[in-house]
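Topology and contacts: notes
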Amino acid sequence: MSDFLRELWLRGVAFNPAAPSGVLIRLMDQAAGELGQLMCKDRDLPDAVIDAALRHPEWRIRGALARNQHVDPSRLAPLATDPSGLVRARLANPHPRPWPRWVRPLPDDILVTLLTAQDGGEDGKVTANEIIWELDSSRQIPLSFFRSMAGREDPALRIRATWRWESLTPAQRAELLDDPDPAVREAAQNGNWQLDPERVEAELPSMRPSGRLFVLGRCALSPALVEQCFADDTLHPLARNPHTPADAVARLARHPEAKVREMVAARPDLGPDLVAELREDPDEEVRMRACLHPFPRTWAEYDVIDLVIGHGPECICPITVPDPDPATVPSPDWFAACAVSGEPVLRRVAASWSGLPAELVGTLAQDDDEQVRIRLACNHPLAPPHLLLDVFVTRPAHRSALLTLPGFPRTGRTHLIGHPDPEVRALAAADPTLPEPPVDDADEAVRRAAAANPSLTPEALETLLADPRTAEGAAANPSLPVPRMHALLDRCLNGAATPPTAAGRREATPA
């Protein structure tokens, strides 16, 4: 047996959806090399396997589990106090860049544990603060959690709440500024600077260029800073800043650069005269944004529209769990009104909201605007399977995300078996209703998917296991008998001299 065939068998068994706990636990053996780590990170795991990984003496196994996005995150809670700081850091930020489209929030108890840790683990590889920095950049902390921390008993958590000062309510800010703990008061004062024009002006010169753009786009600006923006032609962030004064907004609305007028045109603080003026603008994009009024009545609504507008059908911007606070997100009625709007942009906004009612989902699934249908497929749990399949075929940029959705169809794909795109053929080749999986296809991915098709018999799989072109797919086939999985592992992990047959191992299926 070549090392290459051994690797294919191990990889196939590791990702066989029918492999029981007893098989998967064997793959955590040192003899399996990095396959145990790959398995713990990249597939759904039974409870017994999760428990074994949590107790595993090798930190790399536990660290791989910390990055698993298929396992219920509540099961990963013991890793927040893992002896290894590297494991904790991987739980705090499981996504080496580029980030995936979907990032799920961590449960509150895990967040509290990581944020209040007194050390970075027994191995001394990272500090507690470094782990917190990883967590803060991971997008796993929802804004609702920052708001909840403002009222926590632990002063350390109240300090963390100040990190998202703008997300706090005015009452929460006032309480933190008057907190009985001096460290909390100091952190609140540091957070409050964003709303103090004089402090913003004083802090700006020492900032990096990226930080300066954030400040100019989100913080309260002094009259001098506003004038400096006009003098430096740094107008794009100013056009979006909710604190920009009315007279400056009017100047921006009449600016000769169409892009500046475009960013101003949908602001919720525009007066009716400016709205009417911009609806007659010579630039089409400016007119379109101005015609969105009166929809963006609040800054939350403006922000939601801004996340959608100007993004094409290939957009793969991150998708996050919606903030549950009604004070920071538009109302369901607003999204429903967007769904029936004559403006395609607003229907795209509605299609991007996962809470849209089923009847409106059905309507948008048939929308004439392709981007509406794409956004619905990528964002809504009730998007019909036929729509998910259609977007998969027509828009390759969204394929990896679509395949993770529970509603993605597992059958009804056989009509695509002759498609010119190998990725689409591979999808069709995995359909269990396909009469003859194309195990001889010219493309490697199609052969692998065909060899993993559960319609194949164990007898057919034996031939495919011996062929390096199909060995990995055959080892991943859920029709492969469990004793045969163990036999393959015996050969791969123990170096058996001759390949055992399916009949050569008679044992009960492990629990």
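Now for a quick tour of the structure. (Residues numbered from 1 in each chain as written. Predicted model: local features only at pLDDT ≥ 70, side-chain atom pairs only at ≥ 80, totals over all residues. Heavy atoms only, no water.)

1. Brief notes about helix H6 (residues 85–92)
Most of H6 is tucked away, with six of its eight residues classed as buried. Of the residues making up H6, those classed as buried are Gly 85, Val 87, Arg 88, Ala 89, Leu 91 and Ala 92. Residues of H6 that are buried make contact with helix H5 (59–66), helix H7 (108–115) and helix H8 (128–136). Structurally, the start of H6 carries an N-cap: the backbone nitrogen of Leu 86 is 3.2 Å from a side-chain oxygen of Ser 84. (Buried < 20%, exposed > 50% of the residue type's maximum accessible area, 1.4 Å probe, protein only. Helix = DSSP H or I, 4+ residues; strand = E, 2+ residues; numbered from the N terminus. Contact = heavy atoms within 4.5 Å. Polar contact = N/O pair within 3.5 Å; in protein donor to acceptor, adjacent residues only side chain to side chain.)

2. A few points about helix H4 (residues 47–55)
Count 3.6 residues to each turn of an α-helix, and residues three or four apart come out pointing the same way. All of the buried residues in H4 are Val 49, Ile 50, Ala 52, Ala 53 and Leu 54. The inward-facing, buried residues of H4 abut helix H2 (21–26), helix H3 (35–42) and H5.

3. A closer look at the side chain of Asn 16
Looking at the secondary structure, you find Asn 16 in the loop between helix H1 (3–14) and H2. Setting aside its immediate chain neighbours within four residues, Asn 16 contacts Arg 43, Ala 475, Ala 476, Asn 477, Pro 478, Leu 480 and Met 485.

4. Focus: the packing of aromatic side chains
Inspection of every chain in the model, using the stated rule, returns four aromatic pairs. On the basis of an interplanar angle of 75° and a centroid distance of 5.0 Å, the ring pair of Trp 299 and Tyr 302 is categorised as edge-to-face. Of this pair, Trp 299 and Tyr 302 both sit in helix H21 (residues 299–308), separated by three residues, roughly a single helical turn. Taking relative accessible area as the criterion, Trp 299 reaches 25% and is therefore assigned partly exposed. Centroid distance Trp 334 to Phe 335: 5.1 Å. Interplanar angle 75°. Geometry classified as edge-to-face. Per residue, the accessibility class of Trp 334 equals that of Phe 335, and both read buried. Taken together, Trp 334, Phe 335 and Trp 353 form an aromatic cluster joined through their ring pairs. Positioned above the aromatic ring of Phe 392 is the side chain of Arg 399, whose terminal nitrogen or guanidinium carbon lies 5.0 Å from the ring centre. (Phe/Tyr/Trp six-rings, centres within 6.5 Å; stacked < 30°, edge-to-face > 60°. Lys NZ or Arg CZ within 6 Å of the ring centre and 35° of its normal.)

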